[in-house]
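Spelled out, the chains give:
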Amino acid sequence: MAVDEHYNEHGGFPKFETAKVEPEYGELIEALRRVQDLAVSVDMPADALKAALAQTQQLVATMEPHVVPERKTPAGRVPRLPGRGSLLMLPWTVEKFDADGVRSRGVFRRFHLGGNGAAHGGTLPLLFDDLFGLTQHAYGRPISRTAYLHVNYRKITPLNQPLVVEGHVDKVEGRKTFISATLKNEDGELIADSDALMVQLLPGQQ
Ligand SMILES: CCCCCCCCCCCCCCCC(=O)SCCNC(=O)CCNC(=O)[C@H](O)C(C)(C)COP(=O)(O)OP(=O)(O)OC[C@H]1O[C@@H](n2cnc3c(N)ncnc32)[C@H](O)[C@@H]1OP(=O)(O)O
């Protein structure tokens, strides 16, 4: 594995550590994802709207006392969960994570709808950017920030169909890591591809 000798120099970035969570945590995140799907899908009559509002306000009141700083929440730090347990991330599951590359599988859901049955174009850079962060991490590069990310949209990205995204490091030049990835369907058809430059942070860089 290509572990960099400066691996521990993460600029001002925190070191990521896997979070331990209660068994219900994954179920909560999935229920919240379902709420997101519904929130962009429903057209409710007034009484259902009022009930949903009251229940949501109650949920907010339950959760609000437990807000913690960025590095303390398990969101994004539970690798076994879809999207690592972060609602921001696509609910995809990593199935390969090593220096050769990272592969992740999942679906775009109703929440990710752009128009006419296709995923919103902005959700693909999100998928690729997170994959690139993981890919350079798996390669043993110090944490870096995306300097650019280019996406080629080759085909419409369908909702609710299993897809696979795979990325690998193409080359490293000093602080620069060049990474590319493909998004395919289960028949191996190319839906999109992407390439990005990630630049290693200097000490103290945010
Ligand atoms: C425990 C459970 C599992 C968890 C496991 C998680 C692990 C997972 C890790 C997550 C990791 C997070 C990953 C965050 C990834 C983001 O999402 S970052 C968010 C989006 N990106 C940003 O906000 C970045 C904003 N930009 C910046 O901060 C700065 O521009 C940068 C990128 C740090 C570069 O600035 P700089 O340090 O001043 O670099 P600079 O000296 O200008 O350039 C260095 C080199 O890069 C080149 N370069 C810089 N920008 C560009 C560009 N746009 N185009 C071409 N070349 C460029 C320069 O030409 C230069 O090249 P050389 O002259 O050395 O050949």
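An unreviewed UniProt entry annotates the protein chain as Acyl-coenzyme A thioesterase THEM4 of Rhodococcoides trifolii.

### A closer look at the overall build of the protein chain
In terms of regular secondary structure, the protein chain is built from 3 helices and 8 strands. When the helices and strands of the protein chain are read in sequence order from the N terminus, they spell out α-α-β-β-β-β-α-β-β-β-β. Taken along its principal axes, the extent of the C-alpha atoms in the protein chain is 60 × 40 × 25 Å. Looking at the protein chain as a whole, 36% of its 206 residues qualify as buried. Here the analysis covers contacts within the protein chain between residues at least 6 apart in sequence; of these, 67% occur between residues at least 24 apart. When the accessible surface of the protein chain is split by element, carbon and sulfur atoms take 54% of a total near 12,200 Å².

### Comments concerning the sheet that holds strand β8 (residues 190-200)
The sheet built from 6 strands is open, its strands ordered β1-β2-β6-β7-β8-β5 with antiparallel pairing. Each end of this open sheet is capped by a strand with a single partner; those strands are β1 (93-98) and β5 (144-153). Along the sheet, successive strands turn relative to each other by an average axial angle of 15°, direction set aside. With respect to the sheet, helix α3 (residues 123-138) is in contact with β1, β2 (101-106), β5, β6 (163-173), β7 (176-185) and β8, its orientation differing from that of β7 by roughly 125°.

### Observations concerning the UniProt feature "domain: Thioesterase" (unreviewed entry) in the protein chain
What UniProt calls "domain: Thioesterase" (unreviewed entry) maps, in this numbering, to residues 116-191. As annotated, residues 116-191 has a helix share of 21% and a strand share of 46%, and its two end C-alpha atoms lie 16 Å apart.

### Here's the deal with unusual backbone geometry
Residues other than glycine seldom take positive phi values, yet Arg84 does so here, at roughly 55°. You can see Arg84 is positioned in the loop between α2 (46-63) and β1. Located in the positive-phi region is Asn116, a residue other than glycine, with phi close to 55°. With respect to the helices and strands, Asn116 occurs in the loop between β3 (113-115) and β4 (118-119). On the basis of relative accessibility, which here comes to 87%, the residue Asn116 falls in the exposed class.

### Considering the site of the ligand
Surveying the vicinity of the ligand reveals 19 residues, the closest of which are Asp129, Thr146, Arg175, Lys176 and Gln205. Here an oxygen atom of the ligand and a side-chain polar atom of Lys176 are 2.8 Å apart. In the model, an oxygen atom of the ligand is placed 2.6 Å from a nitrogen or oxygen of the Gln205 side chain. Protein chains shield 56% of the accessible area of the ligand, which is 1,300 Å² for the free molecule. If you list the elements that add at least two residues to the shell around the ligand, you get α3, β5 and β8. Residue contributions to the shell around the ligand peak at 5 residues, all from β5.

### Points about a nonpolar patch on the surface
A contiguous nonpolar surface patch, about 320 Å² in accessible area, is contributed by Leu38, Val42, Met44 and Leu49. Looking at where Leu38 falls in the secondary structure, it is placed in helix α1 (residues 24-39).

### Focus on the nonpolar core
Within the largest apolar cluster, 24 residues are counted, with the highest numbers of intra-cluster contacts made by Trp92, Phe108, Phe128 and Leu183. Looking at which element gives the most residues to this core, the answer is α3, with 7 residues. Membership of the second largest hydrophobic core comes to 5 residues, among which are Ala19, Tyr25, Val78 and Leu81.

### Section: the pattern of salt bridges
Pairs can form between side chains of opposite charge whenever their charged atoms are close. Considering all chains together, one arrives at 12 salt bridges under this definition. Lys96 is paired through a salt bridge with Asp98; the nearest N and O atoms lie 3.4 Å apart. Across the pair Arg105 and Glu186 runs a salt bridge whose closest N-O atoms are separated by 3.6 Å. Here the residue Arg105 occupies a position in strand β2, and Glu186 occupies one in the loop between β7 and β8, the gap between them amounting to 81 residues. For Arg105, a relative accessible area of 32% gives the class partly exposed.

Rules used throughout
- Residues numbered from 1 in each chain as written.
- Predicted model: local features only at pLDDT ≥ 70, side-chain atom pairs only at ≥ 80, totals over all residues.
- Heavy atoms only, no water.
- Helix = DSSP H or I, 4+ residues; strand = E, 2+ residues; numbered from the N terminus.
- Buried < 20%, exposed > 50% of the residue type's maximum accessible area, 1.4 Å probe, protein only.
- Contact = heavy atoms within 4.5 Å.
- Areas by Shrake-Rupley, 256 points an atom, 1.4 Å probe, with all protein chains shown as cover.
- Pairing = 2+ DSSP bridges.
- Axes fitted to C-alpha atoms, helices over the stretch in contact; angles between N-to-C directions.
- UniProt positions renumbered as here; feature names shortened; annotations may be inferred.
- Near = heavy atom within 4 Å.
- Polar contact = N/O pair within 3.5 Å; in protein donor to acceptor, adjacent residues only side chain to side chain.
- Patch = residues over 30% accessible without salt bridge, like charges linked within 9 Å, V, L, I, M, F, W, Y side chains within 5 Å.
- Salt bridge = Lys/Arg side-chain N within 4 Å of Asp/Glu carboxyl O.
- Core = buried A, V, L, I, M, F, W, Y, C linked by side-chain atoms within 4.5 Å.

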